[in-house]
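Summary of the model geometry
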Amino acid sequence: MADGKPRYKIYDHPAGGWGAAAATAKVLMEQSVITKGSRALLAMNQPGGFKCPSCAFPDADCKKTLEFCENGAKALAHEATRFRVTPEFFQKYTVTELMEQSDYWLEMQGRLTEPMRYDAASDTYVPCGWAEAFSMIGRHLRSLSSPHEAEFYTSGRTPNEAAFLYAIFVREFGTNNFPDCSNMCHEPTSRGLPPAIGVGKGTVVLADFEHAEAIFVIGQNTGTNSPRMMTNLVEARKRGAPIVAVNPMPERALIRFTEPQDVIQMATFGSTPIASEFVHIRIGGDLALIKGMMKVMFEREAAGEAVLDHDFIAEHTVGIEAIRADAMAQDWAEIVRVSGLDEAQIRRCAEIYIRSRATIICYGMGLTQHQQGSRLLQQVSNLLLLRGNYGKPGAGIAPIRGHSNVQGDRTVGIDEKPAQDYLDRVRDVFGFEPPREHGHHAVESVAAMENGTAKVFIGMGGNFVRAIPDTERSYAAMRKLALTVGIATKLNRGHLVHGRDALILPVVARSEWIRTALGEQFVTIEDAMSNVTASRGVLAPASPYVMPEVEIVCRMAMAALPSSKVPWASYIDDYDLIRDKIAEVYPEIYTGFSERIKNPKGFHLDIPPRRRVWPTENGKANFLPLPGLEVNDVVDDPAMLRLATVRSHDQFNTTIYSNNDRYRGVYNDRMVLFMNAGDIAARGLASGARIALETISTDGLERRVDGLTILDYPMPRGAVAGYYPELNPLLPLDYYDRISGTPAAKSIPVRIIAA
Ligand SMILES: Nc1nc2c(c(=O)[nH]1)N[C@H]1C(S)=C(S)[C@@H](COP(=O)(O)OP(=O)(O)OC[C@H]3O[C@@H](n4cnc5c(=O)[nH]c(N)nc54)[C@H](O)[C@@H]3O)O[C@H]1N2
Ligand SMILES: Nc1nc2c(c(=O)[nH]1)N[C@H]1C(S)=C(S)[C@@H](COP(=O)(O)OP(=O)(O)OC[C@H]3O[C@@H](n4cnc5c(=O)[nH]c(N)nc54)[C@H](O)[C@@H]3O)O[C@H]1N2
Ligand SMILES: [Mo]
C-alpha cells in the first residue's frame, strides 16, 4: 500500500516461503488480474511461453511446472494490470500536476494505450496517432545539423530483434550515441573483463551451480533481485557446498531461505541456511578482502604448500608476478581497516576458496558501482585465475545481470564503442558506411544535453531521468531538448521531464502476443548466462493501438531515412528476416539462428573461456593489477559516511511496486537511512531521527536530500544505505568509473546534517 504509517520491524523469518506466496497473491489482486495473471504465470519461462520481464537469471531447464518467483509475479502483474492510462486520463491532469505525483502513483495508473504528443498550450499530452508521431520524429531527426545531436537510449527489456534493428537504424542515421541502462549497471563487466579473459560476459551456465564446491555471492541481493537463483543456492547448500555472502547489509535471503516451490519445506515451515560465511564488509572494502585472500594464498605458497593451480597458470596466463608482489606488499592492518573485517575471517574465506576445486563467484551492483568498478572486477578474475577456476565444471565468473535482455541488447549492437569488425559487417550486410567514432554513454549524453549539443532524446524503454545521477541537473538538461520520445509500457517521470516537443509511444509488452500480417511472431532474449531463447506472449495487447517495438523502430527509420538502403518495411511483419540478418552480422555466435531457435530450450552462445580459449590481444588470460586497497577516492573528512543506493524488495529499478521492503523490515516508507548504531550515537542522534544528507562534492555544487529517517540497522561502521532512485540527487554526474562510465552509486561520500 502506498500510504499508511511508516513501520520498522526486524524481519526474523526466513526469506521466501509463505511471505513470498502471500505477496504474489496480493499483487495479482491489487492489479485486478487474478485469473488473467495466474494464467499468464503458468506460461512464464516455459517452452512456448514468454520470458519473465523481471531479471536476467536463466530458467531452470523446465524441471518445474512453475518457474517464476514473487518478484517475477510482481513484474507480470504490473504489466498485465487492468488499469489504463488513456487519453481521458491525460486530459484530466496537466503535466505540471502529474509532476507532483510520486513515482509509485504514476506506475499505479496502468498501461499506456495510445500515442500521445505534448501540447504546450494546454500543458497536457494529447492523442496524436501513429502517423503524426513518426512524421514528427522524422522531421526532428532530419533537421539536425549533425546525427550526433541525437541520443538513442535503450533499457534492457527490449528484445534482440528490436535492439538489433535499432542499432542498424541509428548507425545508418549516422551516430554511435547509444546511452544504455547497461552504462549504469554491468558496464564494468563489459569493459573490465575483456582485457582479462577476452569476453565481457559471465562464463558459467546453470549446470555449473550443481558442480561448484564453493560459491561466493558478492554485492548482490539475490533474494530480491534474482530470486530464482535462490533455488541454486539452496541446492548447493543442501549438498554441503559452502556459500560465502559478502555484503554490508545482512540480506535476509542470503542468511535463511524457504523455497516457495518446495512443498515439504512450505508445509513444515522449514528453511535452509544459506551463507555458511557471512562477510559483513565495509562499503568499497571488497578489494581489500580479495587482496587479503590472495596474500594468504601467496604466503602459503611461499611456505612450500601448493595452493595455486600451477599448470593452469603456466599454460594459460600472463602477469602473476605483479599480482603476487602487490598482494604480498599489503599490510594486514590496512587490509583489516579498509575491509572492516577480522583477519581471521579473511583467512577463513581464503581457506574455503583453497579447499574448493571448483568455485563460482557471483556479483552484482555492490561490485560494479564503484569508481574503480571495472578494475575491481579484474581482481575478482585474478582470484579465479589463481586456482584455474575457468573452463571447468562448477567454476567461473557469474555477473548477475539486471534487466531481462540487457546482455542481449549489448550483444546485438547497442554499444557506444562498437568493435570495428562489427561495423565492417554492418557495412557489408546492409550496404551503408556506419560511423566509426565512439558515441556517448549515459553520463556523456547528459553532458551533451547540458551543453546544448544534444537536441533529440529517444528512449527505447526505461526511465532515463530517474535512473541517471544528479536528478535536478539531469532534469534541467532534458528540458533543454527539442524533442524527447518515450517508447514505453507504463507512464513514468521520464515522460514528464520532457523537451519542447515530446511523444509517448505505447508498446506491446513481453507477456503479450505480436500478430502481424504474416501471423504470430516471437522475439528472443539472451539471459545472464548467454542462453538465447524465444519469447511468445500469451495475453492480448493492452489496447488496439499499442505497437510492437520492432515496428516502432522500422517506422522511425522509414521516417528519418527516406532513402535508406535497408528494407525496413519487410521486417515489420517477418521477424525471421531480422534473425537472418543477426546471423549474418554475427556469424561466430548466431549462424543458423532461425533454425537453432526452434529448439524449445533455445541455445547457448559460445563463451570461449569455457573452453580455456582467451580472445584477448595476447591470446592469454591476463592477471591485471590494481594497486592499493581502495576502489574509490579517499575523502579526508571525519564526518564522511559512504552511501550505497540500493533497491527495496518491492521495486523494479525506478518502478515502485509498494513502499515496503519486507526483508529489511521497512513498511510504508522509502525515505530511510540504514545506519550503524555506533555511527548514530557518535553523532548524538537516535534511531527515528529526521535528518538530511549532503554529498561531499568536489565540484562546488550543493547536493542534498531532506526528510530521511535514520534506522538503526546492522551496517558496518562508516557505511549507510538508502533507496534508489530517491537518493539519486546525491550522486554527482561525474562520479563514475572512467573505464566503463558507470556511476559509483554504491559509494557516494555523504555527511549528515540536521533536518
Ligand atoms: N525485483 C527486482 N529484480 C531486479 C531489479 C529490481 O530493481 N527489482 N533490478 C534488476 C537490475 S537492472 C539489476 S542491475 C539487478 C540489481 O541487483 P543487485 O546487484 O542485487 O542490486 P542492488 O539492490 O543495487 O544491491 C546490490 C547489493 O550490493 C550491496 N552492496 C552495496 N555496496 C557494497 C559494497 O561496497 N560491497 C559489497 N560486497 N556489497 C555492496 C548492497 O547491500 C546490496 O545487497 O537486479 C535486477 N533484478
Ligand atoms: N542511484 C542509483 N542509480 C541507479 C542504480 C542504482 O543502483 N543506484 N541502478 C542502475 C541500473 S543497474 C539500471 S539497469 C538503471 C535502470 O534504468 P532504466 O532501465 O532506464 O529504468 P527502469 O526503471 O528499468 O525502466 C522502467 C520503464 O521501462 C518501461 N518498460 C517496461 N517494460 C518495457 C518494455 O517491454 N518495452 C519498453 N519499450 N518499455 C518498457 C516502462 O515504461 C517503465 O516505466 O538504473 C541505474 N540507476
Ligand atoms: Mo541494472
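That block above? That's the structure.
Quick look at the structure, then. (Residues numbered from 1 in each chain as written. Chains lettered and ligands numbered in written order. Predicted model: local features only at pLDDT ≥ 70, side-chain atom pairs only at ≥ 80, totals over all residues. Heavy atoms only, no water.)

1. Describing helix α2 (residues 34–43)
Residues spaced three or four apart along an α-helix face the same direction, because each turn holds 3.6 residues. Stated formally: Each residue gets one of three labels from its accessible area relative to the maximum for its type: buried under 20%, exposed over 50%, partly exposed in between, using a 1.4 Å probe on protein chains only. Labels follow the DSSP assignment, with helices taken as runs of H or I lasting at least four residues and strands as runs of E lasting at least two, numbered in each case from the N terminus. Taking the helix axis as origin, the arc is that swept by the directions to the C-beta atoms. In what follows, residue pairs with any heavy atoms lying within 4.5 Å of each other are defined as contacts.
All buried positions along α2 are accounted for by Lys36, Gly37, Ala40, Leu41 and Ala43. The arc that holds the buried residues of α2, viewed along the axis, is 155°, so those residues lie on one side. More than 90 degrees from the buried face of α2, the exposed residues found are Thr35, Arg39 and Leu42. In this structure, the buried residues of α2 make contact with α1 (17–30), α3 (70–79) and β3 (84–85). Downstream of α2 by one or two residues, Asn45 has phi in the positive range, about 60°.

2. Quick look at unusual backbone geometry
Of note, the amide linkage connecting Tyr724 to Pro725 takes the cis form, showing an omega dihedral of 5°. Following the sequence through the fold, Pro725 ends up in the loop between β32 (719–723) and β33 (748–754). At Ser530, a position not held by glycine, the phi torsion is positive, near 65°. With respect to the secondary-structure elements, Ser530 resides in the loop between β21 (523–526) and β22 (531–535). Look at Arg612: it is not a glycine, yet its phi comes out positive at around 60°. Structurally, Arg612 can be placed in the loop between β23 (603–604) and β24 (621–622). Look at Arg612 and you get partly exposed, because its relative accessible area is 23%.

3. Let's talk about the sheet that holds β22
In plain terms, the rule: By this definition, two strands are paired if DSSP reports at least two bridges between them. Comment: axis = line fitted to C-alpha atoms, over the contacting stretch for helices; angle = value between 0 and 180 degrees taken between N-to-C directions.
A sheet is described by the order of its strands in space; here three strands give the open sequence β21-β22-β23, paired in antiparallel fashion. Lying at the two open borders of the sheet, with one neighbouring strand each, are β21 and β23. Two elements, β21 and β22, share four bridges in a ladder whose sense is antiparallel. Note that in β22 the partner of Glu526 across the bridge is Val532. The strands that helix α8 (residues 160–173) touches are β21 and β22; relative to β21, the one it contacts most, it runs at about 90°.

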